[in-house]
Amino acid sequence: MQPTDIADPAYFHKVVDCQWACPAHTPVPEYIRLIAQGRYSDAYMVNWASNVFPGILGRTCDRPCEPACRRGRVEENNGEKPEPVAICRLKRVAADHKDDVAHRMPAIAPRNGRRIACVGAGPSSLTVARDLAPLGYEITVFDGEAKAGGFMWTQIPRFRLPESVIDEETGYILDMGVNFVSGKRIDSMQALMDEGYDAVFIGCGAPRGRDLDIPGRQEAAANIHIGIDWLASVSFGHVTKVGRRVIVLGGGNTAMDCCRSARRLGGDDVKVIVRSGFEEMKASPWEKEDAMHEGIPFINYHVPKAFVHEGGQLTGMTFEVVRAEYDAKGRRNLVPTGEPDVFFACDEVLIAVGQENSFPWIERDCGIAFDKWGLPVLNDKTFQSSVPTVFFGGDAAFGPKNIITAVAHGHEAAVSIDRFLNGEDVAMRPSPLTNLVSQKMGIHEWSYDNDTSNDERFKVPWAKAEIALASIKVEVELGFDAATAFKEAQRCLNCDVQTVFTQTACIECDACMDICPTDCISFTGNDEETRLRQHLKAPALNLAQDLYVSGGLKTGRVMVKDEDVCLHCGLCAERCPTGAWDMQKFLLNMAHAGTSVRAEPSVRPEPSVRAELVEALRQAQGERRSGAAA
């Protein structure tokens, strides 16, 4: 294998698995360390720069960072599946314990004369406003509802996300001089374009829930509701009670919100019925766990056949029992088992079988192209449509996802809008801002706590069931207190503090290899990657994570490190007698709108030249260490 180019920002970025997995690339270990230090406001602002809604996401995020957490791969947990760091709940800690941060929001530049319209006041539109308003753009956000927040306000129940948190975090953005036009639903794209806006951003979400066209649907319609519409009615206070027996159809997070809301509105017999198996349900594992914690059963492998009614009054539903069969390519087919159909009595049904985009207000002759699925034809990097001044983001772009993905779309669309309106190439994206700094404080001291905690994941306290289930507005999760937050933060492995190897300082004593607690360091003969992975001290089996490979050492061997299981404990650097290993904190901040594009093709050295420069710096560093050691 060729030596690893650690000058490439993407290399160490991929080693910080949680940040790499986050669509907005929030620097997770950085803010977790700040929480451990009690610097909650600083931790909040690190979050805010990336994900915009720390308090909201600290309660509702889909947590793509947590399955990526290395703690879940290296921790021994008595044969049970190890638990990642509670990254999402620590984000909430920063929001709950911070001081007033209003004065830390960006300064607003003088107006630059350019006007931008955002359709919808959801997370993607608000992110566009957050990025562009400080640059002097005049932003107008249109929404059909009275408050900003989009589906964060209308579809996420108050027992998960208090209204005060939404108001606070949307308020930071609206207070940047953003014009929020509430109660204004755009009904003509052409009319909006004719108003002379320099750019238009469409962030209206995926507002239409899928229906279920089976016998009895029309006759019993009064007691059958589309899940997202019903949740909105609950949020607005239009629905305050539900029948005693409720069936929720669907296995996604919306279905979980529906069943838990129904439980609080008087449903004492609430069940979730899905076509798939329990493990295949699209709902996040913790969402399913929370529903089961509240006594809601799940019935799987049941396909809806009919709504049963008597004179238009819903009495129940019938289902066909199926099983899953998989073909040679792993594709699933649901096959009837031959068992008799099953009847479940109910008073109301909530249909939460998916959402889809709906753009009846965009005229098909206005120039915006749509594909056969009814989605806008977009550049997936710039979010620009076939009309150069029109951009999409969030669920409106590529279909339903989640809040953090919508935020990431908003950041990228804001970059595109800014570059487009300044006559620059939209396809050229600004490089992230990176930094790599040694954490050495002494011979064996580091500026971060490198002691690996053996604690298991701490549980977030809940309100008592009799209180939580009595009201739709009582928040269930209470959040970590400061002491528990500190202990949970200590479970973080500081994966952004990288083990940086200087091959010219290495004397090949193998001390680092001997002391490594996970056997992730090997000194061996070089080979092509597939074979090299197999004959390390411990085989490197996770192909998704790169190997860190040095250049040739004096004996002809190379140093190979499996980044997948490294604890970032620093023992290799502490044990090394020559300082060939160093612990260096890697910080990556994604560039947002207003950041100039670096002319990398002409300025950045060619790989061979860059490697020589890096090697020269390493040699100089090694000489300084040798001098210090002498």
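Residues numbered from 1 in each chain as written. Predicted model: local features only at pLDDT ≥ 70, side-chain atom pairs only at ≥ 80, totals over all residues. Heavy atoms only, no water.

Below, the discussion takes up the overall build of the protein. Secondary structure summary: the protein contains 24 helices and 22 strands in total. What you see for the protein is a C-alpha radius of gyration of 27 Å, in line with the 25 Å of a compact globule of 630 residues. The dimensions of the protein, computed from C-alpha atoms along their principal axes, are 95 × 60 × 50 Å. By the burial criterion, 54% of the 630 residues in the protein qualify as buried. Looking at the protein alone, contacts between residues at least 24 apart form 72% of all its contacts between residues at least 6 apart. Total accessible area computed for the protein in this model is approximately 27200 Å², and 51% of it derives from carbon and sulfur atoms. Taking the 68 positively charged and 87 negatively charged side chains of the protein as two groups, their mean positions are separated by 0 Å. (Helix = DSSP H or I, 4+ residues; strand = E, 2+ residues; numbered from the N terminus. Rg over C-alpha atoms; globule rule 2.2 N^0.38 Å. Buried < 20%, exposed > 50% of the residue type's maximum accessible area, 1.4 Å probe, protein only. Contact = heavy atoms within 4.5 Å. Areas by Shrake-Rupley, 256 points an atom, 1.4 Å probe, with all protein chains shown as cover. Lys, Arg positive; Asp, Glu negative; His and termini not counted. Charge placed at Lys NZ, Arg CZ, Asp CG, Glu CD.)

Moving on to the confidence of the model for the protein. With 94% of its residues at a pLDDT of 70 or more, the protein shows a mean pLDDT of 91. Low confidence marks residues 599-630, where pLDDT is under 50. Its contacts with residues over four positions away, or in another chain, come to 28 contacts. (pLDDT = per-residue confidence, 0-100.)

So, on to the side chain of Lys-98. Relative to the helices and strands, Lys-98 resides in the loop between helix 8 (87-97) and strand 1 (115-119). For Lys-98, a relative accessible area of 16% corresponds to the buried category. There is a polar contact of 3.2 Å between the side chain of Lys-98 and the backbone oxygen of Ala-95. In this structure the side chain of Lys-98 is engaged in a polar contact, spanning 2.7 Å, whose partner is the side chain of Glu-168. (Polar contact = N/O pair within 3.5 Å; in protein donor to acceptor, adjacent residues only side chain to side chain.)

In the structure shown here, the tally under the stated rule is 15 aromatic pairs. Between Phe-359 and Phe-392, the ring centres sit 5.9 Å apart and the planes meet at 85°, which makes this aromatic pair edge-to-face. Pair noted here: Phe-359 is in the loop between strand 15 (355-356) and strand 16 (390-392) and Phe-392 is in strand 16, with a separation of 33 residues, a long-range link. With 5.8 Å between their ring centres and 55° between their planes, Phe-383 and Phe-398 make a pair best called tilted. Taken together, the residues Phe-383 in the loop between strand 15 and strand 16 and Phe-398 in helix 16 (residues 395-398) connect sequence positions 15 residues apart. For Phe-398, a relative accessible area of 35% gives the class partly exposed. Aromatic rings pair up to connect Tyr-11, Phe-12, Tyr-548 and Phe-586 into one cluster. Arg-115 extends its terminal NZ or CZ atom over the ring of Tyr-197, reaching a point 4.2 Å from the ring centre. The ring of Trp-48 carries the charged tip of Arg-130 above its face, separated from the ring centre by 4.2 Å. (Phe/Tyr/Trp six-rings, centres within 6.5 Å; stacked < 30°, edge-to-face > 60°. Lys NZ or Arg CZ within 6 Å of the ring centre and 35° of its normal.)

By the secondary structure assignment, Ser-50 is in helix 4 (residues 40-51). The exposure class assigned to Ser-50 is buried, which follows from its relative accessible area of 7%. Each C-alpha atom of the pair Ser-50 and Thr-154 lies 24 Å from the other, and the pair is 104 residues apart in sequence. Beyond its immediate chain neighbours, meaning those up to four positions away, Ser-50 contacts Ala-24, His-25, Thr-26, Pro-27, Val-407, His-411 and His-592.

As a further point, take the sheet that holds strand 16. Taking strand neighbours across the sheet as the criterion, the 5 strands line up as 3-2-1-4-16 in an open arrangement whose pairing is parallel. Single-partner strands in this sheet number two, and they are strand 3 (179-181) and strand 16. When strand polarity is set aside, the average angle formed by the axes of neighbouring strands in this sheet is 20°. Direction of pairing for strand 4 (residues 199-202) relative to strand 16: parallel, over a ladder of 3 bridges. Following the sheet pairing, Ile-202 is matched in strand 16 by Phe-392. (Pairing = 2+ DSSP bridges. Axes fitted to C-alpha atoms, helices over the stretch in contact; angles between N-to-C directions.)

Next up on the list: helix 3 (residues 28-36). Here helix 3 lies mainly inside the structure; 8 of its 9 residues are buried. Buried residues belonging to helix 3 abut helix 2 (17-21), helix 4, helix 8, helix 19 (482-489), strand 18 (497-501) and strand 22 (581-589). Positive backbone phi, approximately 80°, marks Gly-38, located one or two places after helix 3.

Consider a sheet: its strands pair through backbone hydrogen bonds, and that pairing is either parallel or antiparallel. Read across the sheet, 5 strands follow the order 6-14-7-8-9 without closing on themselves; strand pairing throughout is parallel. The open sheet has two free edges, formed respectively by strand 6 (224-226) and strand 9 (298-299), since each of these has just one partner strand. Strand direction decides the pairing type here: strand 7 (residues 245-249) and strand 8 (residues 269-273), joined by 5 bridges, are parallel. In the strand pairing of strand 8, Val-248 is matched with Val-272. Strands strand 6 and strand 14 (348-351) of the sheet are contacted by helix 13 (residues 227-236), whose axis makes an angle of about 90° with strand 6.

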